[in-house]
Amino acid sequence: MHHALSQMAGTSRHDHEMAIKARLDLCKTSDPVEKVRLQCLTRGSAGIKGLGRMFRLMDDDGSRSLTLSELSRGLHDFGVVMDKQEVGELFRGFDRDGNGTIDFEEFLISLRPPMSRSRQAAVQQAFRKLDRTGNGVVTVEDLQGVYNAKNHPKYQNGEWSEEQVFRCFLDNFDSPYDKDGKVSLEEFYNYYSGVSASIDNDAYFLLMMKNAWKL
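Asker: Account for the overall build of the chain, naming residues and giving values.
Answerer: For the chain, the count of helices and strands is 13 helices and four strands. The C-alpha radius of gyration of the chain comes to 18 Å, within 12% of the 17 Å expected for a compact globule of 215 residues. Residues classed as buried in the chain amount to 46% of the 215 residues present. In the chain, once contacts between residues fewer than 6 apart in sequence are set aside, the share between residues at least 24 apart is 62%. When the accessible surface of the chain is summed, it comes to about 10,800 Å², and 51% of that surface belongs to carbon and sulfur atoms. Charged side chains in the chain number 28 positive and 32 negative. The centres of these two groups are separated by 6 Å.

Set out below in structure tokens:
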């Protein structure tokens, strides 16, 4: 399954092609949401997940919301190039009740490239398979019956324990404050929306999911 993991992480070739396409599309768009999305995708399939992690780290008070200055700082720190006016426009688009803060989960969801119904269903199916305890969160405990750590080279050479292999696996999807080893469906989606954006062909994406997760 370790091979499956490298496979499902979206191959570097896909990531490279997606990054080039995103750069070209950037020149054509004036929509601020699209600008942020494309700049994330130029970093490959983990770009949107990375921006999500940045905002979680900034959310000092745990409010899960951002002010205009926090949004501006987060985008800047993540290397997203936008002028002040565009960031203001972006913020106002999400601050629907005009209270001066935006919900960053909602913001991230809108950044995710759209996924077809069949792709969404495959992502959900993979998550349900991983979430053996059925509590909506995937943990090390869930992985014990699904992912065989003993095939991992670092386990075989004695460098890592089974627990460390599992944590490394979860880190691919995990994006909370302190990498707590828990992956929600939301985080799983953020990850796969990036992978999905790098693969044009639905059948190929579904085959990749099927092989990676034995669906």
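Asker: How would you sum up the pattern of salt bridges? Please name residues and give values.
Answerer: Within the structure shown, the criterion is met by 10 salt bridges. For glutamate 34, the salt bridge goes to arginine 37, with nearest N and O atoms at 2.4 Å. Taken as a pair, glutamate 34 and arginine 37 lie in helix H3 (residues 32-41) at a separation of three residues, close to a single helical turn. Judged by its relative accessible area of 14%, arginine 37 falls in the buried class. Ionic pairing is found between lysine 154 and glutamate 159, a salt bridge with its closest N-O pair at 3.7 Å. We classify glutamate 159 as partly exposed; its relative accessible area is 47%.

Asker: Which residues make up the packing of aromatic side chains, and what values do they have?
Answerer: The final tally for this structure, using the stated rule, is eight aromatic pairs. Aromatic side chains phenylalanine 188 and tyrosine 192 sit 5.2 Å apart centroid to centroid with 70 degrees between the ring planes, which places their arrangement in the edge-to-face category. Residue phenylalanine 188 and its partner tyrosine 192 are both found in helix H12 (residues 185-197); the two are separated by four residues, about one turn of the helix. For the pair shown, phenylalanine 188 and tyrosine 192 are each scored as buried. One aromatic cluster is present, built from ring pairs that chain together Phe127, Phe188, Tyr191, Tyr192, Phe205 and Trp213. Over the face of the ring belonging to phenylalanine 78 we find arginine 43, whose NZ or CZ atom lies 4.0 Å from the ring centre.

Asker: For unusual backbone geometry, give the residues involved together with the corresponding values.
Answerer: With a phi close to 60 degrees, arginine 64 is a non-glycine residue in the positive phi region. Tracing the sequence through the fold places arginine 64 in the loop between helix H4 (47-58) and strand S1 (65-66).

Asker: Tell me about helix H6 (residues 84-94), residues and numbers included.
Answerer: For H6, the complete set of buried residues consists of Glu86, Val87, Gly88, Leu90, Phe91 and Phe94. Packing partners of the buried residues in H6 comprise H3, S1, helix H5 (68-77), strand S2 (102-103) and helix H7 (104-111).

Rules used throughout
- Residues numbered from 1 in each chain as written.
- Predicted model: local features only at pLDDT ≥ 70, side-chain atom pairs only at ≥ 80, totals over all residues.
- Heavy atoms only, no water.
- Helix = DSSP H or I, 4+ residues; strand = E, 2+ residues; numbered from the N terminus.
- Rg over C-alpha atoms; globule rule 2.2 N^0.38 Å.
- Buried < 20%, exposed > 50% of the residue type's maximum accessible area, 1.4 Å probe, protein only.
- Contact = heavy atoms within 4.5 Å.
- Areas by Shrake-Rupley, 256 points an atom, 1.4 Å probe, with all protein chains shown as cover.
- Lys, Arg positive; Asp, Glu negative; His and termini not counted.
- Charge placed at Lys NZ, Arg CZ, Asp CG, Glu CD.
- Salt bridge = Lys/Arg side-chain N within 4 Å of Asp/Glu carboxyl O.
- Phe/Tyr/Trp six-rings, centres within 6.5 Å; stacked < 30°, edge-to-face > 60°.
- Lys NZ or Arg CZ within 6 Å of the ring centre and 35° of its normal.

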